[in-house]
Amino acid sequence: EKIKYKKKKNMTYDDDNIFAKILREEIPCKKIYENKYALAFHDVNPQSKIHILVIPKGKYISFADFSENALPKEINGFMKAVGKIAKNQNLVESGYRILANHGQNAGQEVAHFHIHIFGGEPLGPMISKT
Ligand code: AMP
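The residue numbers shown here count from 1 along each chain, following its written sequence. The model is predicted, so local features are restricted to residues of pLDDT at least 70 and side-chain atom pairs to those at 80 or more, both for listing and for counting; the totals for chains, interfaces and linings are taken over all residues. Processing note: side-chain calculations cover all non-hydrogen atoms of the structure and skip hydrogens and water entirely.

Novice: Any chance you could explain the overall build of the chain here in plain terms?
Specialist: In terms of helices and strands, the chain carries five helices and five strands. Ordered by position in the sequence, the α and β elements of the chain form the string α-β-β-β-α-α-α-β-α-β. In this setup the radius of gyration rests on C-alpha atoms only. A globule is expected at 2.2 Å times the number of residues raised to 0.38. For 130 residues, the compact-globule estimate of 2.2 N^0.38 gives 14 Å, and the C-alpha radius of gyration of the chain, at 15 Å, lies within 12% of that figure. Structurally, the chain occupies a C-alpha span of about 40 × 35 × 30 Å along its principal axes. For every residue, the accessible area (1.4 Å probe, protein chains only) is compared with the maximum for its type, and the residue is labelled buried under 20%, exposed over 50%, or partly exposed between those bounds. Taking all 130 residues of the chain together, the buried fraction comes to 37%. Total accessible area on the chain stands at roughly 8700 Å², and carbon and sulfur atoms take up 52% of it. Secondary structure counts use DSSP, requiring at least four H or I residues in a row for a helix and at least two E residues in a row for a strand, with both numbered from the N terminus. Note on areas: these come from Shrake-Rupley sampling with a 1.4 Å probe, and a residue is covered only by the protein chains present in the view.

Printed below as a string of structure tokens:
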């Protein structure tokens, strides 16, 4: 079944961003999990022992875009994937952190919405003081 995505009015999604290329399988990734709405793979530059990125399959620039424009079934499918991956990676008992950077102050580098999953070791303070 094909998913019908809403047309966005105010924001333009860059089809050449690196995660769009991963979704089109133009560049490789170390895939961990996939469902109809989400793809998860290892971060190339891990910031903790386990560092996974989960991205929606739809074209959403950031959390702001996703939370406003994604369909309920996309949000549901995506969030379910995040939880399932953390569970499959045995992170529920030991603990983990999820994070999404939106925009400049958060230092978002890739303009396709993604959630980071960090775990596998104690993660330290929530926000760097440096
Ligand atoms: P953010 O700063 O939240 O936009 O995070 C972007 C993340 O994407 C960083 O942690 C990068 O290490 C990661 N990243 C960039 N290119 C790739 C890639 N080709 N495969 C996997 N992770 C990537």
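Novice: Whenever I open this one, the packing of aromatic side chains confuses me. Can you help?
Specialist: Note on aromatic contacts: the rings of Phe and Tyr and the six-membered ring of Trp form a pair at centre separations within 6.5 Å, being stacked when their planes are under 30 degrees apart, edge-to-face when over 60 apart, and tilted otherwise. Inspection of every chain in the model, using the stated rule, returns six aromatic pairs. Between Phe19 and Phe41, the ring centres sit 5.5 Å apart and the planes meet at 75°, which makes this aromatic pair edge-to-face. Of this pair, Phe19 sits in helix H1 (residues 18-23) while Phe41 sits in strand S2 (residues 38-42), and the two are 22 residues apart along the sequence. An angle of 45° between the planes, with centres 5.2 Å apart, marks the rings of Phe78 and Phe113 as tilted. Here the residue Phe78 occupies a position in helix H3 (residues 72-88), and Phe113 occupies one in the loop between helix H5 (103-106) and strand S5 (115-119), the gap between them amounting to 35 residues. Pair check on accessibility: Phe78 and Phe113 agree, each one buried. Here the aromatic residues Tyr60, Phe63, Phe66, Phe78 and Phe113 are joined through ring pairs into a cluster of three or more.

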